[in-house]
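Analysis of the macromolecular model
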Amino acid sequence: MDSPSGQLTRKEGASVLDTAVARAQEFLAGLATRPVRAKATVSELRERLGQPLGELGLAPETVISELARDAEPGLVASAGPRYFGFVIGGSHPAAVAADWLTSAWDQNAGLSATSPAAAVVEEVAAGWLLDLLGLPKGAGVGFVTGGQMANFVGLCAGRHAVLERAGWNVEEEGLQGAPAIEVVVGDEVHVTILSALRMLGLGSRRARRVAVDGQGRMRPDDLARVLRDCAGPTLVCVQAGNVNTGAFDPLDDIAPVAREHGAWLHVDGAFGLWAAVSPELRHHVAGVGRADSWATDAHKWLNVPYDCGLAIVADPAAQRAALTARASYLVQTEGAERDPFEWVPEFSRRARGSRSTRRSAASDDTV
């Protein structure tokens with residue numbers, strides 16, 4: 001029974017956590033041999049899970065046990081060794097353990113004032129990630145949900161920067177009356193770039209398309225042709241890892257073309273950016289450090305639990321200017337300490353950075 005206050009006693013709390021651990025360990029133990037696909041249909045899962053909301057609550061252990069039992073047939077073994085579907089990673093045990101601590105600590109990772117530990121962990125993890133990927137030291141790093149929001153952040157910072165150069169403050173004045181922004185993408189651009197353009201008020205249909213080769217790589221000669229027709233602020237979006245073929249846009253050839261036209265260069269590297277970590281594959285991302293912003297996912301090759309995307313911007317001032325909010329009740333440090341919400345669209349969120357700091361575990365593995 002719960003205590004009179006409605007809170008679990010320490011013994012009851014430990015018991016329900018032990019139940020969750022046991023069910024999780026049971027799932028993980030069978031992950032390598034269980035069927036990869038779900039064993040139940042959506043209709044069957046609705047019947048199992050869609051019970052009427054009762055007037056009285058159930059014991060916490062019962063809730064966890066029944067949830068594990070009824071959801072189990074609908075689980076996909078995407079973290080197992082026999083899954084070859086979408087580009088989905090499998091979590092390292094150390095990262096899962098860190099994720100459990102993240103949930104137990106239940107920190108609001110918006111401000112340094114609400115969790116100094118979460119803020120410093122993100123700061124440290126950000127530095128490690130920049131070093132790992134070979135990106136400019138001092139770049140801004142935001143921990144977001146995934147590639148979609150990472151692309152949004154990079155292009156949001158780019159929107160700020162190119163309009164600021166044109167003498168327009170988009171954060172204060174909006175887009176009505178602003179200089180028109182040209183957006184240039186490859187013909188096989190990923191859908192998350194187009195979604196980001198919609199959310200940013202730039203429109204997906206207005207994006208200019210650049211021809212690609214047989215593997216979906218952007219052609220630098222056609223990029224130069226398209227950019228010659230662009231007037232005013234311009235964003236160029238390229239790929240490090242085409243989702244259909246795995247091919248990389250030739251960044252070493254593209255970067256100088258974009259720079260010549262004063263364009264902001266954004267790299268969608270959801271899974272391919274991690275080639276920078278491998279000496280054998282690093283040539284695929286030659287020139288990547290010459291871009292202005294990058295998007296990638298830690299929950300793919302870095303093997304941390306969902307969700308954990310990475311939004312990286314070479315000019316941290318542009319990233320903060322595009323995303324920072326001000327309010328009298330906020331205890332902000334004005335850059336003296338890291339306030340994590342200044343780098344991402346969210347305020348109240350999980351302390352995702354703690355799942356990316358498994359230094360000792362990662363040292364024994366190959367990313």
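A few points on the structure. All values derive from a computational prediction rather than experimental measurement.

Let us now look at the packing of helix H9 (residues 220-228) against helix H10 (residues 251-260). Running from N to C, H9 and H10 cross one another at 10 degrees; their axes reach a closest spacing of 9 Å. In terms of their interaxial angle, H9 and H10 are classed as roughly parallel. For the element pair H9 and H10, the recorded crossing hand is right-handed. When H9 is examined against H10, the residues Pro-220, Leu-223, Ala-224 and Leu-227 are found in contact with a partner set consisting of Asp-253, Ile-254, Val-257 and Ala-258. Counted by class, the contact of H9 with H10 contains 7 nonpolar, no polar and 1 charged residues.

Look at helix H6 (residues 147-165) against helix H8 (residues 191-199): their axes get within 9 Å of each other, and the N-to-C directions meet at 55 degrees. Comparing their axes, H8 and H6 come out oblique. In the crossing of H6 with H8, the sense of the turn from one axis to the other is right-handed. Packed against H6, whose contacting residues are Gln-148, Met-149, Asn-151, Phe-152 and Leu-155, the element H8 presents Thr-192, Ile-193, Ser-195, Ala-196, Leu-197 and Met-199 at the interface. Within the contact of H6 with H8, the residues separate by chemical class into 7 nonpolar, 4 polar and no charged.

Attention now moves to the pattern of salt bridges. By the definition in use, this model includes 19 salt bridges. Where Arg-69 meets Asp-70, a salt bridge forms, and the shortest distance between an N and an O atom there is 2.9 Å. You can call Arg-69 partly exposed: its relative accessible area is 48%. Among the ionic contacts, a cluster of salt bridges with common partners joins Arg-34, Lys-39 and Glu-72.

Next up on the list: the side chain of Arg-159. Take Arg-159: it is sitting in helix H6. For the buried Arg-159, which has no salt bridge, the nearest side chain bearing the opposite charge is Glu-171, at an N-O separation of 4.9 Å. When sequence neighbours within four positions are dropped, the list of residues in contact with Arg-159 reads Val-170, Leu-175, Ile-181, Leu-200, Leu-202 and Leu-235.

Here we take up the sheet that holds strand E7 (residues 309-313). Across the sheet, which stays open at both edges, the 7 strands sit in the order E1-E7-E6-E5-E4-E2-E3 with mixed pairing between neighbours. This sheet does not close on itself; its edge strands, each paired only once, are strand E1 (140-144) and strand E3 (208-210). This sheet shows a mean twist of 20 degrees between the axes of neighbouring strands, independent of strand direction. Alignment of strand E4 (residues 234-239) against strand E5 (residues 264-268), held across 5 bridges, turns out to be parallel. Of the residues in E5, the one forming a bridge with Gln-239 is Asp-268. Along the sheet, H9 makes contact with strand E2 (182-186), E3 and E4, crossing E3 at roughly 155 degrees. Sitting on the sheet, H10 is in contact with E4 and E5, with an inclination near 155 degrees to E5.

Reading the values: rules and limits
Residues numbered from 1 in each chain as written. Predicted model: local features only at pLDDT ≥ 70, side-chain atom pairs only at ≥ 80, totals over all residues. Heavy atoms only, no water. Axes fitted to C-alpha atoms, helices over the stretch in contact; angles between N-to-C directions. Helix = DSSP H or I, 4+ residues; strand = E, 2+ residues; numbered from the N terminus. Parallel < 35°, antiparallel > 145°, perpendicular 65-115°, else oblique. Left-handed = near helix turned anticlockwise from the far one by under 90°. Contact = heavy atoms within 4.5 Å. Nonpolar A, V, L, I, M, F, W, Y, C, P; charged D, E, K, R; others polar. Salt bridge = Lys/Arg side-chain N within 4 Å of Asp/Glu carboxyl O. Buried < 20%, exposed > 50% of the residue type's maximum accessible area, 1.4 Å probe, protein only. Lys, Arg positive; Asp, Glu negative; His and termini not counted. Pairing = 2+ DSSP bridges.

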